[in-house]
Amino acid sequence: MLPVYFIPDEGAMEEFGARLLSAMEHTGVIFLQGNLGMGKTTLSRGLIRSAGHKGAVKSPTYTLVETYELPAGIVHHFDLYRLMDPEELEYLGIRDYFSEQHLCLVEWPDRGDGLLPAPDLEVYIEPHGEGRAIQCVSHTAKGQKAADIIND
Ligand code: ADP
Ligand code: MG
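A brief look at the structure comes next. The shown structure was predicted, so the numbers you read here are calculated from the model rather than taken from an experiment.

Thresholds, definitions, all that
Residue numbers here run from 1 along each chain, matching the order of that chain's written sequence. Chains and ligands are labelled by the order in which they are written, letters from A for the one and numbers from 1 for the other. Where local features are concerned, this predicted model is filtered to residues with pLDDT of at least 70; where side-chain atom pairs are given and counted, the filter is 80 or more; whole-chain, interface and lining totals use all residues. Excluded from the side-chain calculations are hydrogens and water; all other atoms, namely the structure's heavy atoms, are used. Only DSSP runs of H or I covering at least 4 residues are called helices, and only runs of E covering at least 2 are called strands; the numbering of each starts at the N terminus. The buried label applies to any residue whose accessible area, calculated with a 1.4 Å probe on protein chains only, is under 20% of its type's maximum; exposed applies above 50%, and partly exposed to all values in between. Distances decide who is a donor: an N, O or S atom must be within 2.8 Å of the metal, or within 3.2 Å for Na, K and Ca. Water is not included, so sites may look incomplete. Only heavy atoms matter for contacts: two residues are in contact if any of them lie within 4.5 Å across the pair. Being paired, for any two strands, means DSSP has found at least two bridges between them.

Regarding the environment of D148
Link 1 in the chain: The residue D148 is located in helix 5 (residues 141-151) in this model.
Link 2 in the chain: The class of D148 is partly exposed, set by a relative accessible area of 43%.

Encoded structure:
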């Protein structure tokens, strides 16, 4: 059974993002799975701020991706909700983003099916009372290591 983390509010969601960044050692690919309003952008904001970003973190809904070059490394935050055709990712030059030295966070990864690399970790977010429940599914040794650290 996968561990379930109960995340009572927005602040705890941001903290979970910060934990993810350090568990992943600032690199790799994380898919964020969950419906509209589940807190994917909130978790991303927590991760990006803990990497050293001071300003706002907006949802890259129209631009598809926002890149942050930070003291703790480079973070690419994708939101593929409005992606009509995975081929659009080719025009973005998608491969250059998924460098091993960067961290990629992807909201709505299923929209890019077939053109995104496999994630190290998939984070599933569901409603739980007033808050949220999170489960992490790892797909690589790196993702498994991160999941173990988070579970510690
Ligand atoms: P998404 O990107 O998945 O559409 P957002 O991050 O924009 O979702 O968050 C939607 C709303 O959910 C925001 O108002 C945010 O404050 C709230 N929220 C985020 N995480 C939690 C949580 N763990 N518990 C309760 N509310 C949360
Ligand atoms: Mg969002």
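Looking at the coordination of the magnesium ion (ligand 2)
Link 1 in the chain: Note on the magnesium ion (ligand 2): its protein donors are T41 (OG1) and E107 (OE). The metal-donor distances range over 2.1 to 2.3 Å. Of this pair, T41 sits in helix 2 (residues 40-50) while E107 sits in strand 5 (residues 103-107), placing them 66 residues apart in sequence.
Link 2 in the chain: Residue classification places T41 among the buried positions, given a relative accessible area of 19%.
Link 3 in the chain: Residue E107 is classed as buried on the basis of its relative accessible area, which comes to 3%.

Quick notes on the environment of T42
Link 1 in the chain: Inspection of the secondary structure assignment puts T42 in helix 2.
Link 2 in the chain: On the basis of relative accessibility, which here comes to 17%, the residue T42 falls in the buried class.
Link 3 in the chain: As a C-alpha pair, T42 and I149 span 107 residues in sequence and 21 Å in three-dimensional space.
Link 4 in the chain: Other than its neighbours up to four places away in sequence, T42 contacts E10, M13 and E14.

Overview of the pairing of strand 2 (residues 28-33)
Link 1 in the chain: Among the six residues in strand 2, six count as buried, and that is most of the element.
Link 2 in the chain: Burial along strand 2 is two-sided: the residues G28, I30 and L32 and V29, F31 and Q33 are all buried.
Link 3 in the chain: For strand 2 and strand 5, the ladder comprises five bridges, and the chain directions are parallel. Of the residues in strand 5, the one forming a bridge with I30 is L105.
Link 4 in the chain: Sheet topology places strand 2 next to strand 6 (residues 121-128); four bridges connect them, and they run parallel. Within strand 6, the position partnered with Q33 by the bridge is Y124.

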